[in-house]
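Each chain, letter by letter, is given below.
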Amino acid sequence: MVSIFVESSESSDKLVAEVVAVSPGMDLAVLKLEDENPTGSMKDRMARSLVERAFLRMCREQRPVRREESQPEIVQRAGAFRGIDRAIPHFLATREFSRGKQRRERRALPHAEAMLKYGSDKPDTRFDMRIVEIKNELSGKSFPLIELSEYAAGICVNGAGDYTRKQLDELIEWAKRPQLGGQGLLYCRVLEANTYKSSADKFYTHSDWALVAQKMNAQPGDLILIMAGPTAKTQKALGELRLEMGQRFGLRSSEKYACLWVTDFPLLEWNEGDPNLPDSFKGRWHAKHHPFTAPKPEDLPLLKERPGEVRANAYDLVINGVEIGGGSIRIHNAELQGLTFETLGFTKESAAQQFGFLMHAFTYGAPPHGGIAFGLDRLCAVLTGTESIRDVIAFPK
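Please read all numbers here as calculations on a predicted model, not as lab measurements.

Chemist: Explain the packing of helix 10 (residues 334-343) against helix 11 (residues 348-362) residue by residue, including any values.
Modeler: Relative orientation of the contacting elements helix 10 and helix 11 amounts to 160 degrees, with a least axis distance of 10 Å. Taken together, the axes of helix 10 and helix 11 are roughly antiparallel relative to one another. In this structure, helix 10 meets helix 11 at a crossing whose hand is right-handed. Here Ala334, Gln337, Gly338 and Phe341 of helix 10 lie close against helix 11, whose contacting residues are Ala351, Phe355, Leu358, Met359 and Phe362. In the contact of helix 10 with helix 11, the residues fall into 7 nonpolar, 2 polar and no charged.

Chemist: Break down the packing of aromatic side chains for me, citing the residues and quoting the values.
Modeler: The full count for this structure, using the stated rule, is 11 aromatic pairs. Centroid distance Phe292 to Phe341: 6.3 Å. Interplanar angle 90 degrees. Geometry classified as edge-to-face. Here Phe292 is found in the loop between strand 12 (284-287) and strand 13 (314-319), whereas its partner Phe341 is found in helix 10, with 49 residues between them in sequence. Between Phe346 and Phe355, the aromatic rings sit 5.9 Å apart at their centres with planes inclined by 75 degrees, giving edge-to-face as the arrangement. A relative accessible area of 22% places Phe346 in the partly exposed class. For Phe355, a relative accessible area of 14% corresponds to the buried category. By the ring-pair criterion, three or more aromatic residues cluster together here, those being Phe143, Phe203, Tyr204 and Trp209. One Lys or Arg, Arg242, reaches over the ring of Phe127 and ends 4.0 Å from the middle of that ring.

Chemist: I'd love a proper account of the nonpolar core, names of residues and values included.
Modeler: Ile155, Leu185, Leu225, Met227, Leu241 and Met245 are the most contacted members of the largest nonpolar core, which totals 24 residues. Elements that contribute at least two residues to this core include exactly strand 6 (151-157), helix 7 (165-175), strand 9 (223-229) and helix 9 (231-248). Counting residues per element, this core draws most heavily on helix 7, which supplies 5 residues. Discounting chain neighbours no more than four positions away, the residues touching Met245 are Met129, Ile155, Val157, Tyr163, Leu171 and Leu225.

Chemist: Got a sec to walk through helix 10? Specific residues and values, please.
Modeler: Taken together, the buried positions of helix 10 are Leu336, Gln337, Leu339, Thr340, Phe341 and Thr343. Buried residues belonging to helix 10 abut strand 11 (268-271), strand 12 and helix 11. Where helix 10 starts, the residue carrying a side-chain oxygen 3.3 Å from the main-chain nitrogen of Glu335 turns out to be Asn333.

Chemist: Before we move on, could you go through helix 9 and cite the residues and values that matter?
Modeler: A turn of α-helix holds 3.6 residues, and therefore any two residues three or four places apart point the same way. The end-to-end C-alpha distance of helix 9 is 26 Å, a good match for the 26 Å that 18 residues give at a rise of 1.5 Å each. Looking only at helix 9, the buried set comprises Thr234, Gln235, Ala237, Leu238, Gly239, Leu241, Arg242, Met245 and Gly246. Among the structural elements, helix 4 (111-118), strand 6, helix 7 and strand 9 are those in contact with the buried residues of helix 9. Looking one or two residues beyond helix 9, the residue adopting positive phi is Gly250, at roughly 70 degrees.

Chemist: Could you give me a rundown of the pattern of salt bridges, with the residues and numbers involved?
Modeler: The tally for this structure, following the rule as stated, stands at 16 salt bridges. With its nearest N and O atoms 3.2 Å apart, the salt bridge here joins Arg248 to Glu170. Of this pair, Arg248 sits in helix 9 while Glu170 is found in helix 7, placing the two residues 78 residues apart along the sequence. The class of Arg248 is partly exposed, set by a relative accessible area of 30%. Judged by its relative accessible area of 39%, Glu170 falls in the partly exposed class. When the shortest N-O distance is used, the salt bridge between Glu309 and Arg306 registers 3.4 Å.

Chemist: Could you give an account of the sheet that holds strand 5 (residues 132-133), naming the residues involved and the relevant values?
Modeler: One open sheet holds the 5 strands; their spatial order is 5-6-9-7-8, and the pairing between them is antiparallel. Looking along the sheet, the strands with just one partner apiece sit at the ends: strand 5 and strand 8 (196-198). Where helix 7 meets the sheet, its contacts fall on strand 7 (186-190) and strand 9, and the angle it forms with strand 7 comes to roughly 150 degrees.

The rules we used
- Residues numbered from 1 in each chain as written.
- Predicted model: local features only at pLDDT ≥ 70, side-chain atom pairs only at ≥ 80, totals over all residues.
- Heavy atoms only, no water.
- Axes fitted to C-alpha atoms, helices over the stretch in contact; angles between N-to-C directions.
- Helix = DSSP H or I, 4+ residues; strand = E, 2+ residues; numbered from the N terminus.
- Parallel < 35°, antiparallel > 145°, perpendicular 65-115°, else oblique.
- Left-handed = near helix turned anticlockwise from the far one by under 90°.
- Contact = heavy atoms within 4.5 Å.
- Nonpolar A, V, L, I, M, F, W, Y, C, P; charged D, E, K, R; others polar.
- Phe/Tyr/Trp six-rings, centres within 6.5 Å; stacked < 30°, edge-to-face > 60°.
- Buried < 20%, exposed > 50% of the residue type's maximum accessible area, 1.4 Å probe, protein only.
- Lys NZ or Arg CZ within 6 Å of the ring centre and 35° of its normal.
- Core = buried A, V, L, I, M, F, W, Y, C linked by side-chain atoms within 4.5 Å.
- Polar contact = N/O pair within 3.5 Å; in protein donor to acceptor, adjacent residues only side chain to side chain.
- Expected span 1.5 Å × (residues − 1).
- Salt bridge = Lys/Arg side-chain N within 4 Å of Asp/Glu carboxyl O.
- Pairing = 2+ DSSP bridges.

Read these as spatial facts, not as claims about activity.
This is the structure we're talking about:
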């Protein structure tokens, strides 16, 4: 334990920083700051910045910054990934939870790819059944659902080709639920000798379905399920359909652990009237996470002209389709923070009124910083194989 004391020459106010030392070669360290003066003062904030910078220097002396770490941070994103990646296997390898269970290798997946392949920003990768876009293969045949939609894609369910008409009708009704947001469900059964039976045989020939089956790697005995509509809504609907079919066929076993980092979330989203947001947010950009998340440095030129394409320097840890933790690198300079507020629709006056204290603090210098927060209840639910966090909370509401 190392303690640093910064004392004002004009008062007895102190800022105490305790650095929990870590062994050489580790990527994470803990900096604990405590104000002995609870009201705080400008001197204290200045001292805090000095302490943090001293801490960074001490860390660099203990572990030199590697070439790929272009900028030292209190908790570096790459360092956080490595540290947590080392910790998670210990959680999943404990005697109580790992006996006979399988673990898949952890990997990182950009948000756009997660939505494209799994229809979810917290994909369950214990099973494949990936979403495949087939708009081009199905277009030009006068089928209204496809022709009037901007996006069409499907999943291939192995071994579901023997679904009865009653089961298929029930599945179609399931897909029509308002909360799913889909515009209909098209199916095609892959039969023996590479023949096909679909709900749209009036519009598509054997050769049309052969192209679709080839792209989706469908084999005899499989069932192809297709949805179409607006891209974002349809991807989410297919993601829910994928989870439902995975559950029905026993592919979401609690005997497996599949860990995944999801990165590069959109920094902003356009609100067309989300009922979960205030009316004042309608018809404007709003932050996907929060307005203090830093954008990816290479996307900064897009912030003024194409804000919807800017990616956030944010990341989530997902296990078995459950978001276990999430965090981001934060904005640490006034100019970028002001530009972000402007993009979100704040005037300079309203931004100063609500966040003036933050903008003023940035003028004294703030080091790059970030972090991650975990949901212990969600982690416990995954480890115990339960679907609800209420089962692992002592006194659930």
